[in-house]
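# Observations on the three-dimensional arrangement
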Amino acid sequence: MEIYKPEGRALEYSPLALNYFVGCNGKCLYCYVPDTMGRYRPSYQHSQVVNPNQADLKRIEKSAKKHQGCDKQILLSFTGDPYCSVENGETRIILEILNHYNHKVAILTKNPDKALRDLDVIQKFGDRIKIGSTLTFDNDVDSKKWEAGTSLPQVRIDALKEFSANGIKTWASFEPVIIPEQSINLLIKVSGFINHVRIGKINNYKGLAKQIDWTQFIDDVVQIARATGMDDRIYIKKDLLKFNNGTYLSENEINQNWLNL
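What you see is a predicted model, and the numbers here were worked out from it, not measured in a lab.

This next bit is on the sheet that holds strand β3 (residues 104-108). Taken together, 7 strands build an open sheet; the order of strands is β1-β2-β3-β4-β5-β6-β7 and the sheet is parallel. Edge positions in the open sheet fall to β1 (16-17) and β7 (234-236), since each of these has one partner strand only. Both strand β4 (residues 129-134) and strand β5 (residues 169-174) contribute to a ladder of 5 bridges, which runs parallel. From the neighbouring strand, Lys-130 faces β5, where its bridge partner is Lys-169. Packing of helix α7 (residues 153-165) onto the sheet brings it into contact with β4 and β5, and relative to β4 it is tilted by some 165 degrees.

This part covers the pairing of strand β2 (residues 73-76). Side chains Gln-73 and Leu-75 project from β2 onto one buried face, and the interleaved Ile-74 and Leu-76 project onto a second face that is buried too. Pairing analysis gives 2 bridges linking β1 to β2, with the strands arranged parallel. Within β2, the residue paired with Leu-16 across the bridge is Ile-74. When β2 meets β3, the two strands line up parallel, connected through 4 bridges.

With that settled, the discussion passes to the nonpolar core. Formed by 36 residues in total, the largest nonpolar core has its most connected members in Phe-174, Ile-194, Val-197, Ile-199, Ile-202, Trp-214 and Phe-217. A per-element tally of this core places helix α9 (residues 214-227) first, with 7 residues. When near neighbours in sequence (up to four residues on either side) are disregarded, Ile-202 contacts Tyr-30, Pro-176, Val-177, Ile-178, Leu-208, Ala-209 and Trp-214. Counting 30 residues, the second-largest nonpolar core is a separate cluster that includes Leu-16, Ile-60, Leu-76 and Val-121.

Calculation criteria
Residues numbered from 1 in each chain as written. Predicted model: local features only at pLDDT ≥ 70, side-chain atom pairs only at ≥ 80, totals over all residues. Heavy atoms only, no water. Pairing = 2+ DSSP bridges. Helix = DSSP H or I, 4+ residues; strand = E, 2+ residues; numbered from the N terminus. Contact = heavy atoms within 4.5 Å. Axes fitted to C-alpha atoms, helices over the stretch in contact; angles between N-to-C directions. Buried < 20%, exposed > 50% of the residue type's maximum accessible area, 1.4 Å probe, protein only. Core = buried A, V, L, I, M, F, W, Y, C linked by side-chain atoms within 4.5 Å.

This is a description of form; function is not addressed.
This is the structure in C-alpha cells:
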C-alpha cells in the first residue's frame, strides 16, 4: 500500500497510483483484476475486500511524504474501488493525507454518488484533483447484469454532474466497451460537462471483442467528440488505436499523458 508507478496498459491511466483496497465487491463480470493478481498471488480472493488498517494508513502517509513534490498524478485505484460498499471513511482519510502533502489525485469509482459525501475534502485540492467513473451501459438492466454491485448508470452521471457543478474536474473511462452503441449514447450524455474521457475496448472476455467493429467505433467516437466540442478532451487507448483506419486523431488524442493533472 504505497504510491507506485504502474506498468503496461495501466500507465495509460496515470503516471502514479495508490491501491489501498485489495479486492472489490462490484461484481463486474468483465473485471481484469482477478486474473492479473492471480498470477502473483494464487490465494487472492477478489470478492473479499481488505480495508487499510491503522498500520497501512501510516505506511501510506510515509509514502505520500516520500513522494512530496513529485508533481505527478496519483490514481485511486487499480485493485479496488475507493468508494466500494464496504468503504467506511478510509478514502476520506487518505485524501486528507494526499492533500496535506500537496499531491495531484485522480479518483476512479463506479460509485461517485458515495464520493459526494467527501466533497468538502475534494474541494480543498483545488485544481489538483479530478473524479471519474467507468461508464459502460446506458440502462439499468444491462448494468445490473454485468456490474451488480455498483451504482446504476444515471446515478453515476448525475453524481459527476454534481461534482462539475461544484467546480471539480470530472472524467469518464469508457473501458470496457461492451455494446458500442451504448457507449456512444453515454458519451453524448456527458459531453456537456465532462472534462475528459479515456476510451478503450474490451479485452479477453469470451471472444466478445472479435464481434465488434472497432474501426467504425473509433470513427463514431471521434465524430461525436468533434460535434460536441470535445476536441482534445479524449484519449484513445493503444489497444483501440490499433484498429484505426484513416480517422484523423490529433497528437494529443493519442498522448497518454495529455489529460493527466
